[in-house]
Amino acid sequence: MNVQVDTPDQKLRARAQRVIPGGMYGHMRSAGLPAGYPQFFARGEGCHLWDVNGRRYVDFMCSWGPIVLGHKHPAVTEAVQRQMAAGDCLNGPSERMVELAERLVGLIPHADWAMFAKNGTDATTTCVTLARAATGRRKILVAKGAYHGAVPWCSPYPLGVTAEDRAHLLTFTYNDAASLEAAVAQAGDDLAAVIVSAFRHDYGLDQELPDAAFARRARELCDAKGAALILDDVRAGFRLTLRGSWDLVGVQPDLSAWSKAIANGYALAAVTGNERFRDAASKVFVTGSFWYSAVSMAASLATIDELERVDGPRRMREMGLRLRQGIAAQAAASGIGVRQSGPPQMPTLLFDNDPDCAKGDRFTVEALKRGVYLHPRHNMFLSAAHTEADIDFALEATREAFAALAAR
């Protein structure tokens, strides 16, 4: 894709470079993507996205997860507008907070209570704080390579992070019960919690669904040691099931962290917990000026209603399978080896013999040229707005992308 220096996107990048460190920061930096990916976007509707250059894409990143029903979903928009007319950031929460807590407690099997924040890092950090407060212990076990947020205790990048920030973290290998048992033994009587992702979704690697035996062993070890089992459902929550992702393997956590999809793009996070951690949750001081705003909670209530009405997880799975099967057939026909992993609602597509991701970069740029926004390394996201026609449009673009890749 030819990158023109006089496009609206390029002009915005130049302006941003003067007033924003690096021109952009964090996981949405287009500098981490192949040349040709836009940095700035103008609007979204359903499963479609328009960049500031006016190009339209079928969106398979869904704002990196939050868009679960589709951009500008009318039921969510109506709930937001209704609440905005009444008020958002007040001197205390609105009735929506109680309604949403009641809704989550009624929906999620392990949940006896809920509390709210603004983003996934808030939620995972609160879970860790609650585990330490309730147990009086310090050690937290985390899977090697797992992502749980962007503050010093869990950031994947060490710049500005001290050894003291990580002094009480111990690691294990996801889905490896023996590795977890060794980490539990190492923590000894100071074990506060084991935190696990809904499934292994490490950046740039094949995804790995949780093994039921591993999940059960994690539950057993936490019970035996009096530690908390924390499920980080920030990324996967409400896409695989509305009941908490490890419900699919028959294991309930003590605490769960939620964000991304729970309000269809409005800033909200939640922590849900069982009765054992209620007292600690009532005593620890975690807060934020915007954590209690009513608009996002109204959006979440509408999102849950709509996901239940259309059986969103089932719809996303069906469309994800349609995409996966189509790509598999195209790859086989072109003689190009690919690996598709993870749940169909959150697919990762990687190429065989592609250690520097050069094939993946070329493939996704070719798809981008044809109006399909994929990611060459990160897991992607389906939404309930994706239709068979959208998937078929995307598959025509990927068919041409495979042909372009084969020609090289």
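Located above this text is the structure these notes cover.
The rules behind these values
Residues numbered from 1 in each chain as written. Predicted model: local features only at pLDDT ≥ 70, side-chain atom pairs only at ≥ 80, totals over all residues. Heavy atoms only, no water. Pairing = 2+ DSSP bridges. Helix = DSSP H or I, 4+ residues; strand = E, 2+ residues; numbered from the N terminus. Buried < 20%, exposed > 50% of the residue type's maximum accessible area, 1.4 Å probe, protein only. Polar contact = N/O pair within 3.5 Å; in protein donor to acceptor, adjacent residues only side chain to side chain. Expected span 1.5 Å × (residues − 1). Contact = heavy atoms within 4.5 Å. Salt bridge = Lys/Arg side-chain N within 4 Å of Asp/Glu carboxyl O. Patch = residues over 30% accessible without salt bridge, like charges linked within 9 Å, V, L, I, M, F, W, Y side chains within 5 Å. Areas by Shrake-Rupley, 256 points an atom, 1.4 Å probe, with all protein chains shown as cover. Phe/Tyr/Trp six-rings, centres within 6.5 Å; stacked < 30°, edge-to-face > 60°. Lys NZ or Arg CZ within 6 Å of the ring centre and 35° of its normal.

K.L.:
When you look at the sheet that holds strand S1 (residues 41-45) in this model, what are you seeing that I'm missing?
P.N.:
Strands pair in a sheet through their backbones, by hydrogen bonds, and they do so in one of two ways: parallel or antiparallel. Read from one edge of the open sheet, 4 strands run S1-S2-S3-S13, paired in mixed fashion. Only two strands of the sheet have a single neighbouring strand rather than two, namely S1 and strand S13 (372-373). Pairing geometry for strand S3 (residues 56-59) and S13, over 2 bridges, is parallel. In the strand pairing of S13, Val58 is matched with Val372.

K.L.:
Please clarify how the pairing of strand S10 (residues 269-273) should be interpreted in this entry.
P.N.:
For a regular strand, side chains alternate in direction, first toward one face of the sheet and then toward the other. Extensive coverage of S10 is indicated by the burial of 5 of its 5 residues. Residue alternation in S10 divides its side chains into two sets, Ala269, Val271 and Gly273 and Ala270 and Thr272, and both sets are buried. Note: strand S4 (residues 113-117) against S10, 5 bridges, orientation antiparallel. Paired with Trp113 across the bridge in S10 is Gly273.

K.L.:
Just checking my understanding: could you explain the side chain of His378 for this structure?
P.N.:
Mapping His378 onto the fold places it in the loop between S13 and helix H11 (388-407). The buried category is assigned to His378, whose relative accessible area is 10%. In terms of polar contacts, His378 uses its side chain to reach the side chain of Asn379, at 3.5 Å.

K.L.:
What is the right way to look at helix H4 (residues 120-135) in this model?
P.N.:
Helical periodicity: at 3.6 residues per turn, an α-helix aligns residues three or four positions apart in one direction. Here H4 contains 16 residues, and its C-alpha end-to-end distance of 23 Å stays within 8% of the 22 Å for a straight helix at 1.5 Å per residue. Buried within H4 we find Gly120, Thr121, Asp122, Ala123, Thr124, Thr126, Cys127, Val128, Leu130, Ala131 and Thr135. Two to three positions downstream of the cap, the backbone nitrogen of Thr121 sits 3.1 Å from a side-chain oxygen, assigning the N-cap of H4 to Asn119. Remark: Gly136 follows H4 within two positions and exhibits a positive phi of approximately 70°.

K.L.:
I tried to follow the side chain of Gln330 on my own but got confused; where do I start?
P.N.:
Looking at the secondary structure, you find Gln330 in helix H9 (residues 312-334). Of note is the side chain of Gln330, whose polar atom sits 3.4 Å from the backbone nitrogen of Arg399. If sequence neighbours within four positions are ignored, Gln330 has contacts with Leu395, Thr398, Arg399 and Phe402.

K.L.:
Even after reading the chapter, I still don't get the pattern of salt bridges, so can you show me in this structure?
P.N.:
In a structure, side chains of opposite charge can pair up when their charged atoms sit close to one another. Following the criterion strictly, the structure yields 32 salt bridges and no others. Taking the shortest distance from any N to any O, the salt bridge between Arg243 and Asp247 comes out at 2.9 Å. With relative accessibility at 40%, the residue Arg243 sits in the partly exposed group. Where salt bridges share partners, they join Glu366, Lys369, Arg370, Glu396, Arg399, Glu400 and Arg408 into one cluster.

K.L.:
Please explain a nonpolar patch on the surface as it appears in this structure.
P.N.:
A surface patch of nonpolar side chains, about 330 Å² in accessible area, is lined by Val19, Ile20 and Tyr25. With respect to the helices and strands, Val19 occurs in helix H1 (residues 8-19). Residue classification places Val19 among the exposed residues on the basis of a relative accessible area of 68%.

K.L.:
What am I meant to see in the packing of aromatic side chains here?
P.N.:
Two aromatic rings are characterised by how far apart their centres lie and by the angle between their planes. Taken as a whole and judged by the stated rule, the model has 9 aromatic pairs. Ring centres of Phe238 and Trp258 lie 5.4 Å apart, and the angle between their planes is 55°; this geometry places the pair in the tilted category. Here the residue Phe238 occupies a position in the loop between strand S8 (228-232) and strand S9 (255-258), and Trp258 occupies one in strand S9, the gap between them amounting to 20 residues. Both residues of the pair, Phe238 and Trp258, belong to the buried class. On the numbers, 6.2 Å between centres and 50° between planes, the contact of Phe351 with Phe402 is tilted. Within this pair, whereas Phe351 is found in strand S12 (residues 348-351), its partner Phe402 is found in helix H11, the two being separated by 51 residues in sequence. Summarising the burial analysis for this pair, Phe351 and Phe402 share the class buried. Pairwise contacts between aromatic rings join Tyr37, Phe41, Tyr57 and Tyr373 into one cluster. A cation over a ring is seen here: Arg43 above Trp50, with NZ or CZ 3.7 Å from the ring centre.

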